[in-house]
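# Descriptive structure summary
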Amino acid sequence: MQKVDVNVIYYGKPYQTIISILSLLKVSGQYINSVYITVENKQPFGHYGDVFKVIKAIEPVIPIHLYYPKSFYNLEILDYDRVKNDADYRWTVPYQYALEHAQMKWLFIMHNDMVFHKDMIGDMLPLFLKDEKTAGTGSIGQCWSCPANKAQLCGGHVFMKYIPSAEEAIAVHEQYETPRQKRDLEILHSGRIHPLPECRLNEYACMINVATYRKTTLPLGENGCFGGNWEFTADLGTGWFHQMVNQGHKFSHFVLEEYAKHSSFNPIGQGIMAYSNQDNYILSEKNALQYLVDNYKIDASLDFKTSVTAGLRERKYRFRDFKRSLIPTAKRIAKSIVR
């Protein structure tokens, strides 16, 4: 049987992370070799010890590989030459460490706030086996923020059939207001027309051909990393997708809702909102814990030894963050004194 590795970025949400992995194992476990968990250098609201809840719950079930980036990538524009030559910097880019280190031929990438109810991996694998040019599968297109979708011209299933001229693409982007309208138009005026600026392979549940990725993408290839923002892109992931499509690689669209629910524990329905609202974050995790107890009979509580380790890690990293916050203040005071 063909096997895949799985990658999830851990940026808080321990209970939702556990559910994401366990629910995927429940429907697709026969295809999964191991799970790569990248633990972000920065954690929301200083909850650095919570990752041990994930480790304790998942490690007995499936082999896990933990990676701790040396810094935090805040979705800023990446330095191409540094990404190519500096591994520590490159591995801060989401999913990049796993894409370089996965042992299997395919890597399934997902967000840490998913609940799977159908075998997505089992339905994806045959597409890779059938056509060696398939580089990735998953939900394609940020159609909710693309003018071509609002005009009912394009969508995930037909993105390779709707190939507009530069004039047509610019006209439809000028007609509809979207979150990144100005940036999207800049990209179109630069000559990057298809796929359209908002189009990408969405990282919340997708699978990538590892060999193809390594051959075409930094550091060995020339393409920008899958999970990064570049000076020619509108959003994370759009640059790599644009380059790959224009090099002849194939992508297949999957309707996410047929296989999973995304951010179902957040009352707002948008997982990213929890990171800027502590009350929302706590409520989302409370809902997830109840689901975890009800459906998996797991409360993810730590034993004494692990609890002590988690507490020490939390204090260490919170103190680090405190010191980091003092540096800008100290510089401002020093400048004022010099003046």
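Here, the structure is the one placed above.
The present account deals with the structure reproduced in this document. (Residues numbered from 1 in each chain as written. Predicted model: local features only at pLDDT ≥ 70, side-chain atom pairs only at ≥ 80, totals over all residues. Heavy atoms only, no water.)

A count of helices and strands for the protein chain gives 13 helices and 9 strands. Projected onto its principal axes, the C-alpha coordinates of the protein chain cover approximately 70 × 60 × 40 Å. The burial tally for the protein chain puts 53% of its 339 residues in the buried class. The contacts in the protein chain between residues at least 6 apart in sequence include a share of 76% that link residues at least 24 apart. Carbon and sulfur atoms make up 54% of the accessible area of the protein chain, which amounts to about 16200 Å² in all. When the 39 positive and 35 negative side-chain charges of the protein chain are each reduced to one mean point, those points stand 6 Å apart. (Helix = DSSP H or I, 4+ residues; strand = E, 2+ residues; numbered from the N terminus. Buried < 20%, exposed > 50% of the residue type's maximum accessible area, 1.4 Å probe, protein only. Contact = heavy atoms within 4.5 Å. Areas by Shrake-Rupley, 256 points an atom, 1.4 Å probe, with all protein chains shown as cover. Lys, Arg positive; Asp, Glu negative; His and termini not counted. Charge placed at Lys NZ, Arg CZ, Asp CG, Glu CD.)

Right, let's talk about the sheet that holds strand 3 (residues 64-67) for a bit. Ordered by their spatial adjacency, 7 strands build an open sheet running 3-2-1-4-7-6-8, and the pairing between neighbours is mixed. For this open sheet the edge positions go to strand 3 and strand 8 (250-253), each flanked by a neighbour on one side alone. Between one strand axis and the next, the sheet turns through 20 degrees on average, direction left out of account. Across the sheet, helix 1 (residues 14-28) touches strand 1 (4-10), strand 2 (32-39) and strand 4 (106-110), and the angle it forms with strand 2 is around 165 degrees. Sheet contacts for helix 11 (residues 238-246): strand 6 (134-140), strand 7 (201-209) and strand 8; angle to strand 8, the most-contacted strand, approximately 120 degrees. (Pairing = 2+ DSSP bridges. Axes fitted to C-alpha atoms, helices over the stretch in contact; angles between N-to-C directions.)

Quick look at the side chain of Ser-139 now. Of note, Ser-139 is situated in strand 6. On the basis of relative accessible area, Ser-139 is assigned to the buried category, the value being 8%. A polar contact is formed between the side chain of Ser-139 and the side chain of Tyr-204, at a distance of 3.2 Å. If we ignore the near neighbours within four places in the chain, the residues touching Ser-139 are Arg-200, Leu-201, Asn-202, Tyr-204, Ala-205, His-253 and Phe-254. (Polar contact = N/O pair within 3.5 Å; in protein donor to acceptor, adjacent residues only side chain to side chain.)

By secondary structure assignment, the location of Ala-310 is in helix 13 (residues 304-338). For Ala-310, a relative accessible area of 7% translates into the label buried. On a C-alpha basis, the gap between Ala-310 and Gly-49 in space is 4.2 Å, while along the polypeptide they are 261 residues apart. If sequence neighbours within four positions are ignored, Ala-310 has contacts with Gly-49, Phe-52 and Leu-302.

A separate point is helix 8 (residues 166-175). Residue pairs three or four apart in sequence face the same way in an α-helix, which turns once every 3.6 residues. Along helix 8, the residues that are buried comprise Ala-169, Ile-170, Val-172 and His-173. Projected down its long axis, helix 8 carries its buried residues within an arc of 165 degrees, all on one side. Seen from the open side of helix 8, the exposed residues pointing more than 90 degrees away from its buried face are Glu-167, Glu-174 and Gln-175. Considering only its buried residues, helix 8 is in contact with helix 7 (147-150) and helix 9 (181-189). (Arc of directions from axis to C-beta.)

Evaluated as defined, the whole model comprises 14 salt bridges. Two residues, Asp-86 and Arg-82, come together in a salt bridge whose shortest N-O distance is 3.3 Å. The exposure class assigned to Asp-86 is partly exposed, which follows from its relative accessible area of 26%. Using a relative accessible area of 42% as the deciding quantity, one classes Arg-82 as partly exposed. Between Arg-90 and Glu-100 there is a salt bridge, with the nearest N and O atoms lying 2.6 Å from each other. Here Glu-100 lies in helix 5 (residues 96-101) and Arg-90 lies in helix 4 (residues 87-90), a separation of 10 residues in the sequence. Three or more residues joined by partner-sharing salt bridges are found here, namely Arg-180, Glu-198, Arg-200, Glu-203 and Asp-235. (Salt bridge = Lys/Arg side-chain N within 4 Å of Asp/Glu carboxyl O.)

Scanning the model with the defined rule gives 17 aromatic pairs in all. Arranged with centres 5.7 Å apart and planes meeting at 45 degrees, the rings of Tyr-213 and Trp-240 form a pair that is tilted. Placement of Tyr-213 in helix 10 (residues 210-216) and of Trp-240 in helix 11 is noted, with a sequence separation of 27 residues between them. There is no split in this pair, since Tyr-213 and Trp-240 are both buried. (Phe/Tyr/Trp six-rings, centres within 6.5 Å; stacked < 30°, edge-to-face > 60°.)

With 48 residues, the main nonpolar core has Ile-37, Phe-108, Phe-116, Met-120, Ile-121 and Met-207 as its most contacted residues. Of all the elements, helix 1 adds the most residues to this core, at 8 residues. The contact partners of Ile-121, leaving out residues within four places of it in the chain, are Val-4, Leu-24, Ser-28, Tyr-31, Ile-32, Phe-108 and Met-207. (Core = buried A, V, L, I, M, F, W, Y, C linked by side-chain atoms within 4.5 Å.)

So, on to the pairing of strand 7. Among the 9 residues that make up strand 7, 9 are buried, leaving the element largely enclosed by the rest of the structure. Examined bridge by bridge, strand 4 and strand 7 share 5 bridges and lie antiparallel to one another. Residue Trp-106 lies in a different strand from strand 7, and its bridge partner there is Asn-209. Summarising the sheet, strand 6 and strand 7 pair through 4 bridges and their orientation is antiparallel. For Thr-137, the partnering residue across the bridge sits in strand 7 and is Met-207.

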